[in-house]
Structures are given as structure tokens and as C-alpha cells.
Amino acid sequence: MQTNNRKAITAAIAGNAMEWYDFTIFALMTPVIKNLFFPADPKLPGHDVNALLLTTALFGAGFVMRPIGGLVLGYYGDRKGRKAAMTLGMTLMALAVAMLALTPTYATVGIAAPLIVLVARLLQGFSVGGEFGTSTAYLIEAAPPGRKGFYGSWQIAGQLMANVLGATLGAALTLMFTPEQLEAGAWRIPFVVGLAIMPILLYMRSTVVEPDALTKDRAAARKLAFSEDLKSPGRNYLIGMGMVVASAVSFYITFGYTVTYAKDVLKLPLLQSFLVQMIAAIVMVIVVPIAGAVSDRYARKPLLLVSLIAYFVSLYPLYSWVIAGPSIAKLLVTQVVIGFFSAFFLGVYCTTLVELFPVRVRSTSLSIVNNLAVLISGGFAQFFVTWLIALTGSPLAPVLYAMLGVGIGLISVIAMQPMDAVTEVGSVNRNRTSP
């Protein structure tokens, strides 16, 4: 049983990391991809900004499918099992990555190039949309007693590992290849790497065992209306969405936008910007599981409040300091400090979010909460802040956006019931579905 448990956790974490790697590598390659799929005419005013806007919009297009993918794969995971949903989602991701790795550029096939990438991004969005709900539920349901916080934190750690791998490859590529070589085809290497690993992860996921909690709940599923049970968490949907907003701005603005922001706004070197991203992500990978383990010993709500307050308070002064005199050293200090506070919140919030919902509808509920919130606050965030910077001329636009998201998360945590009450609600729902 212990061996099966380790195998299950490894499959969930590794698969989750690779899904997010494939999804986020597009964001990290934005400075290169924008020239290949949206070539700008230097004669037109604002040509470079327009190309960047179109590319970030293409990145955001993947989020349009996330709520649909979340509903479909989340419901599939609640009815047919977490394993089936995780395996199907990864299969779709493999197809999308293959399209990205092989797509010809605008210079070769014209308008067909960005359209093919658009289809691939929509497939990626559909797959990732179901990944959070199914794999997060799986991790926590497979955790031994008293370790749910630690196990749940690895959902976030997996995403950060993807960030580390993406930033490492990005830094390596910019070091090994000239800008001309990158545009000639070296930019495809990260996608090929992801595609090569997919078969191993697909096999791992297809051989895991369903958690006992889900197996027991599914035995009683036929006795109750799924739609009625889905309504039971009530206000927890709004509370969960608020926390996801804080998480989304962390991934898609505070860190996902770092390389583009450093290169195009702060005018810092691309290679060093990738290294900053990589170091900050490594710090976060270390902090997240520690925070998860701490949340198994102490109440989660106070931990969330302290980390979010520190996160919110540090954003403006640190970024103002960087903007006043941009340098890689300042950017590194800023990203590491903010990353620490963000990581502590992320390490605690994932398990907290799962515990807001009963087992039988957990995958679907998590998918609804996560994907709606991310679509609103994260999907087109890079597009909006790029547009705001161009409109206002202020490099602080991303910071204000991030502060708004963190503030919403803080309000949601304040409104959350004490964790013992939340757990009690979950227990009531589980008892109601017991045979």
C-alpha cells in the first residue's frame, strides 16, 4: 500500500509539473515567438507593442478553454475516477505540444501559422483546465492522515518545478544560441523536450490506484443527484475563487511575466532575466512544501493571512525600487523576497481550497473555482498589463494589478470559516453520501 501511495503521488506530481511546463513555456518564449508568428512592420507606429499584444492575447486564448476543460474533465474525474481524467488530460496535452513543436512560422505558411498555434493553445487550455481539479483532489485524497497539507502543497510545487525547468531551458537556450539561431528553430527545443517525456508520464498515470475516499463516495453516487450535491458548498465557491485570484496573479504576473517585463519594459538582458526567474522559482519550490508541512501542525487560516499581508505590503516598495534604477541584482532581490511570501501562501492555500468541497463533487468544484477565477484574473492579465503600460507609460501597471489580486485573496481568507468549521461541513457532506 505504501509503495502504491508513493507511486501515485509521484505520477500526480510529475504529470502535473509537465502539464504546467508545457503550458507556461509558451509564456517564457513570448519574446521570441512574437517575432515569428506576428512579424511587425517597422514602418508602422507601435509595431513592436502590437506584436507583443497579439502574442500575449494568443497566450490568453488558452484560458478561454480552461473552464470548459475543467467542467468536462472535472466531472469525468468525479464520475469515472481521478486516474481516468488525469490520463485523458495528459493525452490531449501531448497532442497540443506536438502541434507547437512542429508548427511552421508565419514566413512559411502565413496566417495559418498563428491559427495552428491558436488551436494548440486551446487544446492546452482544455487539458490544464481539468488538471488542477483532478490532480489536486488525487494528491490530498491519497495522503496519509495528518499529512494532507504537505501532500497538497506538491500540486503547487509541481507547477513551480515546471517554472524552474522552463526558465532553466530558456536560460540555456539564450546562452547556447544567438537570437538569430533561436528564431531559426532553437525556440522549439523546450516543446520537443516536453513531448519526449510525455509517454513515460502517460504510462505512470495509467497505472495508479484510485484513492479510498473517492472509491467509497462513488459507491453512493447513484443515490443522490450530482447537481444537488454540487450546490452544497455554497459561499465557499466565492471564497475559493478569491484565493485562486491571488494564486493566479502570482503565477501569471509576479512570475510568469517576469522575463517579458524585464526585457521589454526594464530593458534588462534576456539571459539574466531567465536566471532571475529560475532562482526565484527554486526558492519557491523549497518554501512551498515546508509551508504545507507547517499547515499540518498549525491552523491554516492564520498562516494564509500572515503570508498574504506580507505579500501585499512588499509588492509596491520593492518594484518601485527596481524601476527607479533597473538592474538584475535588484530584480533578483525583489523576486526572491516576494517569492518567499507568495510561496508560503501557495503552500498552504491548495489544501485549504480542497477542504472547502466534499469528495464526491470535489474535482468538478475545484475545476469550476480555479478556471473561472484564472480566466478572469490570469488568462489575459499579461495582455492587459502590456496594454496598460503602453497606454499610461507607467511600468508599475503590473504591480498594481498584482496588488489588486492579492488584496482579493486576503479578503476571501478573512471571510473564510475557521478550518474546523470547514472540515465539519465537509464531514457532513461525506456522511450524507455514505451508504
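Okay, so let's go over this structure. (Residues numbered from 1 in each chain as written. Predicted model: local features only at pLDDT ≥ 70, side-chain atom pairs only at ≥ 80, totals over all residues. Heavy atoms only, no water.)

**A few points about the pattern of salt bridges**
One pass over the full model with this rule turns up 3 salt bridges. One salt bridge in this structure joins Glu-141 and Arg-362, with 3.4 Å as the shortest N-O distance. Remark: Arg-362 occurs in helix H18 (residues 362-379) and Glu-141 occurs in helix H7 (residues 112-141); sequence separation between them is 221 residues. Relative accessible area serves as the criterion here: at 9%, Glu-141 is assigned to the buried category. On the accessibility criterion, Arg-362 (6% relative accessible area) is buried. Linking Arg-300 and Asp-296 is a salt bridge whose minimum nitrogen-to-oxygen distance equals 3.2 Å. Take Asp-296: its relative accessible area is 24%, and that puts it in the partly exposed class. (Salt bridge = Lys/Arg side-chain N within 4 Å of Asp/Glu carboxyl O. Helix = DSSP H or I, 4+ residues; strand = E, 2+ residues; numbered from the N terminus. Buried < 20%, exposed > 50% of the residue type's maximum accessible area, 1.4 Å probe, protein only.)

**Quick word on the packing of aromatic side chains**
Inspection of the entire model under this criterion finds 6 aromatic pairs. Summarising the aromatic geometry, the rings of Phe-150 and Trp-154 are spaced 6.0 Å apart at their centres and angled 85 degrees between planes, so their arrangement reads as edge-to-face. Of this pair, Phe-150 and Trp-154 both sit in helix H8 (residues 148-176), 4 residues apart, which is roughly one turn of that helix. On the basis of relative accessibility, which here comes to 21%, the residue Phe-150 falls in the partly exposed class. On the numbers, 5.2 Å between centres and 25 degrees between planes, the contact of Phe-345 with Tyr-349 is stacked. With a gap of 4 residues between them, Phe-345 and Tyr-349 both fall in helix H17 (residues 328-354), about one helical turn apart. For Tyr-349, a relative accessible area of 1% gives the class buried. (Phe/Tyr/Trp six-rings, centres within 6.5 Å; stacked < 30°, edge-to-face > 60°.)

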